[in-house]
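A look at the structure
Each chain, written out:
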Amino acid sequence: MIRLMQKADLSAVSQIENLVQTHPWTLKQFEESINSYQSTVIEQQGEVVGFCILQPVLDEANLLLMAIHPQQQGKGLGYQLLDQSMALLKNNPLQIFLEVRESNLSAIALYEKSGFHQIDMRRNYYPKADGGKEHAIIMVKSCSDDFSQLFKS
Ligand SMILES: CC(C)(COP(=O)(O)OP(=O)(O)OC[C@H]1O[C@@H](n2cnc3c(N)ncnc32)[C@H](O)[C@@H]1OP(=O)(O)O)[C@@H](O)C(=O)NCCC(=O)NCCS
């Protein structure tokens, strides 16, 4: 089940983030994201196993962050979560943007499967655990040709 994030989900969300990111968002950032962005979670047997944070901006949106619990990855949950979270956006964006670490091949593959393609690269954008820097791949998905948009209220 995919639904909007609530305060009661914050500790589970933050735990997942801490398991998957070298530079995790803080609990406070997740708390603020409930009101500031469209934040969703995916549940399996009543447990939160992933989250997705989308920022609607005028007629566009940015995918800020998403993750699936390491033990639940590779089962199609990330794809489902992203797909349904994008469909929930109330501003019917024409385009959705994201930035992803160049080394994050599983995320890039998920995004390509979800209709994103690379448009740019930011050199030495992300800090790495070893103190170095890593390029960011900038991707966009064009939603104007998305058939489902026609049926949105
Ligand atoms: C990226 C992430 C969200 C994917 O979630 P997931 O539930 O494992 O992904 P899915 O099982 O839905 O896979 C969807 C597609 O993504 C790609 N993919 C997922 N895991 C992959 C892997 N390990 N290697 C290659 N491709 C992969 C595939 O294209 C897959 O489609 P397919 O199964 O038809 O081949 C998850 O790996 C994760 O949480 N990673 C850590 C956090 C992160 O990097 N977040 C994104 C940047 S903020």
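Treat the numbers as computed from the prediction; the structure is a model and nothing was measured. (Residues numbered from 1 in each chain as written. Predicted model: local features only at pLDDT ≥ 70, side-chain atom pairs only at ≥ 80, totals over all residues. Heavy atoms only, no water.)

**Details of the pattern of salt bridges**
Throughout the structure, instances matching the rule amount to 6 salt bridges. Between K7 and E31 there is a salt bridge whose closest N-O contact spans 3.2 Å. Here the residue K7 occupies a position in the loop between strand 1 (2-4) and helix 1 (10-20), and E31 occupies one in helix 2 (residues 27-36), the gap between them amounting to 24 residues. Between R101 and E134 there is a salt bridge, with its nearest N and O atoms 3.1 Å apart. Here R101 is found in strand 5 (residues 95-101), whereas its partner E134 is found in strand 7 (residues 133-142), with 33 residues between them in sequence. Across this residue pair, the class does not change: R101 and E134 are buried. In the salt-bridge network here, residues are joined through shared partners; they are R3, D9 and E43. (Salt bridge = Lys/Arg side-chain N within 4 Å of Asp/Glu carboxyl O. Helix = DSSP H or I, 4+ residues; strand = E, 2+ residues; numbered from the N terminus. Buried < 20%, exposed > 50% of the residue type's maximum accessible area, 1.4 Å probe, protein only.)

**Remarks on the site of the ligand**
Residues in contact with the ligand amount to 20 residues; listed here are only the nearest, I68, G74, G76, N104 and K113. A distance of 3.4 Å is found between an oxygen atom of the ligand and a backbone nitrogen or oxygen belonging to L110. One nitrogen or oxygen atom from the side chain of K113 is found 2.7 Å from an oxygen atom belonging to the ligand. Taking 910 Å² as the accessible area of the ligand by itself, protein coverage stands at 69%. Residue assignment for the shell around the ligand shows that the elements contributing at least two residues are strand 4 (60-68), helix 3 (77-88) and helix 4 (105-113). The element contributing the most residues to the shell around the ligand is helix 4, with 6 residues. Tallied by class, residues from the shell around the ligand come to 11 nonpolar, 7 polar and 2 charged. (Near = heavy atom within 4 Å. Polar contact = N/O pair within 3.5 Å; in protein donor to acceptor, adjacent residues only side chain to side chain. Areas by Shrake-Rupley, 256 points an atom, 1.4 Å probe, with all protein chains shown as cover. Nonpolar A, V, L, I, M, F, W, Y, C, P; charged D, E, K, R; others polar.)

**Overview of the pairing of strand 5**
When a strand is regular, its side chains alternate between the sheet's two faces. Here strand 4 runs beside strand 5; their pairing, made up of 4 bridges, is parallel. Within strand 5, the residue paired with N62 across the bridge is F97. Between the parallel elements strand 4 and strand 5, the chain passes through helix 3 in a crossover that is right-handed. (Pairing = 2+ DSSP bridges. Right-handed = clockwise from strand over helix to strand, strands pointing away.)

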